[in-house]
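One letter stands for each residue in the lines below.
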Amino acid sequence: MFLGRSLTASVLALSTLSLMSPVPHHRIASGTEIVGAFPAPVTGPGPGTLASWTLHPSSARTGYYGQAKTETGNSFFVGYSSATHSIYVPTFGGTTYILNSSTLNTTGEFPSLAGGRIGHVVPQSHLLLVMSGSALAAYSLKTHQELFTDPVGGNALVTSPNGQVAYVGGNMDKTITAINLHTGQILNTYPVPQIGDMVWARGQIFAADIQSGVMTALNPRTDAITTMATPEVDSQFSYADIPAATAGFMQLAVGPHHNTVYAAGFSGHILEFSASKDKYLGEVAINANPASGGNKLSGLAILPGGNSALVTVENLDESVVVNLSNGAILHTFPKFASNRWVTIP
């Protein structure tokens, strides 16, 4: 089990506030903001809705991109540029939309990789990466011009802290692929299979195998690979019907100071790993659905201080703020969800 942690007063106050509100037409106050596209199928049309939650002041809002019930309304993982306060929403329909993070109004759009639902901003290289299941494309943040495309795709993407190398993995892939972001050249492959999500922490890539419940720590400098088994396993897991799974890693998140990596699981647990010792530390149950017991967690973001998190309960179409030490639910947001949250400082 997790070690006990005290709750911050700001998070405790959430339980007394009504947080759902329409998009304002004025600039919101500064503070931690968490954004994500509403859930959509792997292919085809989507809702065209963006979720935005702020801690200071407490506010939950929705914005819109593309056209609902079409392929331009289908996104999975959005990107954010702090230089322009812009949210980049790549869509399956081959258009990336740019939204202002304060107003959630659409400020621009440009053609992008067809089928590309995953976006990632690399500020050091002034790039937007857009990824589909079979390709990765890089675009200039300034001109939106395509700079290169590689025939390597998937559903998991992370970049090195210096912004020079991208690492790509996928649920159906046998390796993680390293790509030079200046040239588009493939640099290396690593035998780390079936990756649903990746994060960077303390000089390593933490990569989650959605099927086996194994977390891998990959050190790109030494090529060292460390595996950590967990109970997050469904013996009947099928890629053909992931929503039916009773376990499996979803989004990963990194705690303050990058000492800890967390994983949301379809079993209804948040799992914790030591990023310095490459060790599985335990799990905490999130009981948002006491009636039937099904709590399929997907999107995950750690809140300031590291004591609490925002997590999506996918099968309930809602998100909850939880205490990471004991799983207590501090606030619930009905009809407000994302499979991949992005934290905006």
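Criteria and thresholds
Residues numbered from 1 in each chain as written. Predicted model: local features only at pLDDT ≥ 70, side-chain atom pairs only at ≥ 80, totals over all residues. Heavy atoms only, no water. Pairing = 2+ DSSP bridges. Helix = DSSP H or I, 4+ residues; strand = E, 2+ residues; numbered from the N terminus. Axes fitted to C-alpha atoms, helices over the stretch in contact; angles between N-to-C directions. 1 Å grid on protein atoms, 1.4 Å probe; cavity = no way out; pocket = protein on both sides within 12 Å on 5 of 7 lines; lining within 4 Å. Points joined across faces, edges and corners; volume = space filled by probe spheres on them. Nonpolar A, V, L, I, M, F, W, Y, C, P; charged D, E, K, R; others polar. Buried < 20%, exposed > 50% of the residue type's maximum accessible area, 1.4 Å probe, protein only. pLDDT = per-residue confidence, 0-100. Contact = heavy atoms within 4.5 Å. Salt bridge = Lys/Arg side-chain N within 4 Å of Asp/Glu carboxyl O. Phe/Tyr/Trp six-rings, centres within 6.5 Å; stacked < 30°, edge-to-face > 60°. Core = buried A, V, L, I, M, F, W, Y, C linked by side-chain atoms within 4.5 Å.

**Description of the sheet that holds strand β5 (residues 86-90)**
Now for step 1: Taken in spatial order, the four strands of this open sheet run β4-β5-β6-β7, and their pairing is antiparallel. Both outer strands of the open sheet, β4 (79-81) and β7 (106-111), are each paired with one neighbouring strand and no more. Shown here is a sheet whose adjacent strand axes are inclined to one another by a mean of 25°, direction ignored.
Now for step 2: In the sheet, β4 pairs with β5 via three bridges, with the strands oriented antiparallel. Bridge pairing in β5 links Y80 to I87.

**A few points about the pairing of β7**
Now for step 1: Both strand β6 (residues 95-100) and β7 contribute to a ladder of five bridges, which runs antiparallel. In the strand pairing of β7, I98 is matched with G108.

**Section: the layout of surface pockets**
Now for step 1: Taken as a whole, the largest pocket holds about 1100 Å³ of empty space.
Now for step 2: Lining the largest pocket are 38 residues; nearest its centre among them are F77, H120, V199, V342 and T343.
Now for step 3: Secondary structure elements with two or more residues in the lining of the largest pocket: β4, β8 (118-122), β12 (156-159), β16 (195-201), β20 (249-254), β24 (297-302) and β28 (342-344).
Now for step 4: For the lining of the largest pocket, the element with the most residues is β8, which contributes five residues.
Now for step 5: Taken together, the residues of the lining of the largest pocket break down into 23 nonpolar, 13 polar and two charged.
Now for step 6: Size it by volume and the second largest pocket reaches roughly 740 Å³.
Now for step 7: Among the residues forming the lining of the second largest pocket, the class breakdown is 16 nonpolar, 10 polar and four charged.

**Description of the sheet that holds strand β27 (residues 329-334)**
Now for step 1: As summarised here, the arrangement of the four strands in space is β24-β25-β26-β27, forming an open sheet in which the pairing is antiparallel. Among the strands making up the open sheet, the edge pair consists of β24 and β27. Between one strand axis and the next, the sheet turns through 20° on average, direction left out of account.

**Here's the deal with unusual backbone geometry**
Most peptide bonds take the trans form, and the phi angle of most residues other than glycine is negative.
Now for step 1: At K69, a residue that is not glycine, the phi angle is positive and equals roughly 65°.
Now for step 2: Inspection of the secondary structure assignment puts K69 in the loop between β3 (59-64) and β4.
Now for step 3: Note on K69: relative accessible area 74%, which makes it exposed.

**Overview of the pairing of strand β15 (residues 186-190)**
Now for step 1: Here strand β14 (residues 176-180) runs beside β15; their pairing, made up of four bridges, is antiparallel. Looking across to β15, one finds that T177 is bridged to T189.
Now for step 2: In this antiparallel pair of consecutive strands, β14 and β15, the connection spans five residues, and G184 shows a positive phi of 80°.

**Focus on the confidence of the model for the protein**
Now for step 1: Per-residue pLDDT for the protein averages 91, and the proportion of residues at 70 or more is 91%.
Now for step 2: Scored below 50 in pLDDT, residues 1-30 shows 71 contacts in the model against residues more than four places distant or in partner chains.

**Section: the pattern of salt bridges**
Pairs may arise between side chains of opposite charge once their charged atoms sit close together.
Now for step 1: In this structure the tally under the stated criterion is two salt bridges.
Now for step 2: For E33, the salt bridge is made with R61, and the minimal N-O distance between the two is 3.3 Å. One end of the pair, E33, is in strand β1 (residues 33-37); the other, R61, is in strand β3, and 28 residues separate them in sequence. Each member of the pair, E33 together with R61, is buried.
Now for step 3: Of the charged contacts, one joins D317 and K335 as a salt bridge, the two residues approaching to 3.8 Å between their closest N and O atoms. On the criterion of sequence distance, the pair formed by D317 in the loop between β25 (308-313) and β26 (318-323) and K335 in the loop between β27 and β28 is long-range, its members being 18 residues apart.

**Quick notes on the packing of aromatic side chains**
Now for step 1: Applying the stated rule across the entire model yields 11 aromatic pairs.
Now for step 2: Look at F76 and F77: their rings are 6.5 Å apart centre to centre, the planes differ by 85°, and that puts the pair in the edge-to-face class.
Now for step 3: Note on Y167 and Y190: the rings are 6.5 Å apart at their centroids and 45° apart in plane angle, and the pair reads as tilted. Residue Y167 is located in strand β13 (residues 165-169), and its partner Y190 is located in strand β15; the two are separated by 23 residues in the primary sequence.
Now for step 4: The class for Y190 is buried, based on a relative accessible area of 6%.

**Brief notes about the nonpolar core**
Now for step 1: Membership of the largest hydrophobic core comes to 29 residues, with the highest contact counts inside it found for L50, V78, I87, L129 and L157.
Now for step 2: Elements represented by at least two residues in this core include exactly β1, β5, β6, β8, β9 (127-131), β10 (136-140), β13 and β28.
Now for step 3: It is β9 that contributes the most residues to this core, three residues altogether.
Now for step 4: Not counting residues within four places of it along the chain, the set of residues in contact with L129 comprises I118, G119, H120, V122, L136, A137, A138, L157, T159, A166 and L181.
Now for step 5: One finds A264, I270, I286 and A309 within the second-largest nonpolar core, a separate group that totals 16 residues.

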